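Structural overview for review
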Amino acid sequence: MVRGVNTRWAWGGAAVVAAALGLAGCEAPRGDTGGRIDPSRTTAADERSPQANMPSLYEFGDRVAERLAADISSIPEIRDAPTRVVIELGGLNNKTRTSTQDFEQIQVRLRNRFANSDYIRNKAMVVDSTARMDQELDRIQGDTGGRDLLQENIDRRGAGRTDRYDPRQIFVLLGDFYESARGGTRRYYFEFRLTNLKTRSIVFSESYDLGQVMR
């Protein structure tokens, strides 16, 4: 009798296991994400970090790009300019514990949005930094080929360098970032603005307030 009971249990257990395996076989296989996440999703690491939330920074950058694209035709200094104005990336004033590199990433993302917007390109020319492009010019064209130092200095003052523009036609995208901390609570103020290089007139400004609690 004992063997009979054990046999019934053995067959019953085998049936349960087979059914479980059958159900498992019906599920679609899940691929390994390799640690990848949705960049717009706040993770536990973000919540524990003393730095500003990156998804919030992305949201802020997207909002600045959308606002500027919508407003650029109504800014008199840009709308009424005789030629397309020039947009350059400017310095960042970081008064937070967040890495300046994070804000630089948002600024570069903004520039990419501007450069790929037909609406903005009709009114403005988005350019790279003079220092970087002068370096690229030297790399691509090679050395001075034995020219004397006087001629090389003349070249470096203008001729042979990458293009320079009238400061009145240049608008610089600047950023200021501030933080106040109270225990595990942090409050931020972020601002991007477009300022005329010559007149120092601010023609566009977008700000963003962010509050976070560390967990």
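See above for the structure.
Residues numbered from 1 in each chain as written. Predicted model: local features only at pLDDT ≥ 70, side-chain atom pairs only at ≥ 80, totals over all residues. Heavy atoms only, no water.

One pass over the structure, following the stated rule, counts nine aromatic pairs. Ring geometry for phenylalanine 60 versus tyrosine 208: centroids 5.2 Å apart, planes at 25°, classification stacked. Taken as a pair, phenylalanine 60 in helix H3 (residues 54–71) and tyrosine 208 in strand E5 (residues 202–213) lie far apart in primary sequence, 148 residues in all. The two residues phenylalanine 60 and tyrosine 208 agree in class, both being buried. Geometrically, the ring pair formed by phenylalanine 190 and tyrosine 208 is stacked, given 6.3 Å between the ring centres and 10° between the ring planes. Placement of phenylalanine 190 in strand E4 (residues 185–196) and of tyrosine 208 in strand E5 is noted, with a sequence separation of 18 residues between them. Relative accessible area serves as the criterion here: at 0%, phenylalanine 190 is assigned to the buried category. The rings of Phe60, Phe103, Phe177, Tyr188, Phe190, Phe192 and Tyr208 are connected pair by pair, giving a single aromatic cluster. (Phe/Tyr/Trp six-rings, centres within 6.5 Å; stacked < 30°, edge-to-face > 60°. Helix = DSSP H or I, 4+ residues; strand = E, 2+ residues; numbered from the N terminus. Buried < 20%, exposed > 50% of the residue type's maximum accessible area, 1.4 Å probe, protein only.)

Bringing the pairing of E5 into the picture now. Here E4 runs beside E5; their pairing, made up of 11 bridges, is antiparallel. The residue of E5 that forms the bridge with glutamate 191 is serine 207. (Pairing = 2+ DSSP bridges.)

The tendency in soluble globular proteins is for nonpolar side chains to be buried as a group. Counting residues in hydrophobic clusters, the biggest one holds 31 residues, and the most contacted among them are Phe190, Phe192 and Leu194. Those elements that place two or more of their residues in this core are H3, strand E1 (85–95), helix H5 (100–115), strand E3 (170–182), E4 and E5. Those residues in contact with leucine 194 that lie beyond four places of it in its chain are Leu68, Ile78, Ile87, Phe171, Val172, Leu173, Ser201, Ile202, Val203 and Phe204. (Core = buried A, V, L, I, M, F, W, Y, C linked by side-chain atoms within 4.5 Å. Contact = heavy atoms within 4.5 Å.)

In total, this model carries 14 salt bridges according to the counting rule given. When the shortest N-O distance is used, the salt bridge between arginine 111 and aspartate 128 registers 3.5 Å. Of this pair, arginine 111 sits in helix H5 while aspartate 128 is found in the loop between strand E2 (124–126) and helix H7 (130–141), placing the two residues 17 residues apart along the sequence. Exposure remark for arginine 111: the relative accessible area of 17% places this residue in the buried category. (Salt bridge = Lys/Arg side-chain N within 4 Å of Asp/Glu carboxyl O.)

Let's shift gears to the sheet that holds E4. Across the sheet, five strands lie side by side as E2-E1-E3-E4-E5; this open sheet has mixed pairing. Whereas interior strands pair on both sides, the edge strands pair on one side only; in this sheet they are E2 and E5. For this sheet, the mean inter-axis angle between neighbouring strands, taken without regard to orientation, is 25°. (Axes fitted to C-alpha atoms, helices over the stretch in contact; angles between N-to-C directions.)

Between H3 and H5, whose axes approach to 10 Å, the crossing angle comes to 30°. Between H3 and H5, the angle falls in the class roughly parallel. Where H3 crosses over H5, the two elements pack in a sense that is right-handed. Note on element contacts: H5 touches H3 through Asp102, Phe103, Gln105, Ile106, Arg109, Leu110, Arg113 and Phe114, opposite Met54, Leu57, Tyr58, Gly61, Asp62, Val64, Ala65, Glu66 and Leu68. (Parallel < 35°, antiparallel > 145°, perpendicular 65-115°, else oblique. Left-handed = near helix turned anticlockwise from the far one by under 90°.)

The first and last C-alpha atoms of H7 sit 16 Å apart over 12 residues, in line with the 16 Å expected at 1.5 Å per residue. Immediately beyond the C-terminal end of H7, within one or two residues, lies glycine 142, with a positive phi of roughly 85°. (Expected span 1.5 Å × (residues − 1).)

All right, on to the pairing of E1 then. Bridge count between E1 and E2: three bridges; the pairing is parallel. Paired with valine 85 across the bridge in E2 is alanine 124. For E1 and E3, the ladder comprises eight bridges, and the chain directions are parallel. What sits directly across from glutamate 88, in E3, is valine 172.

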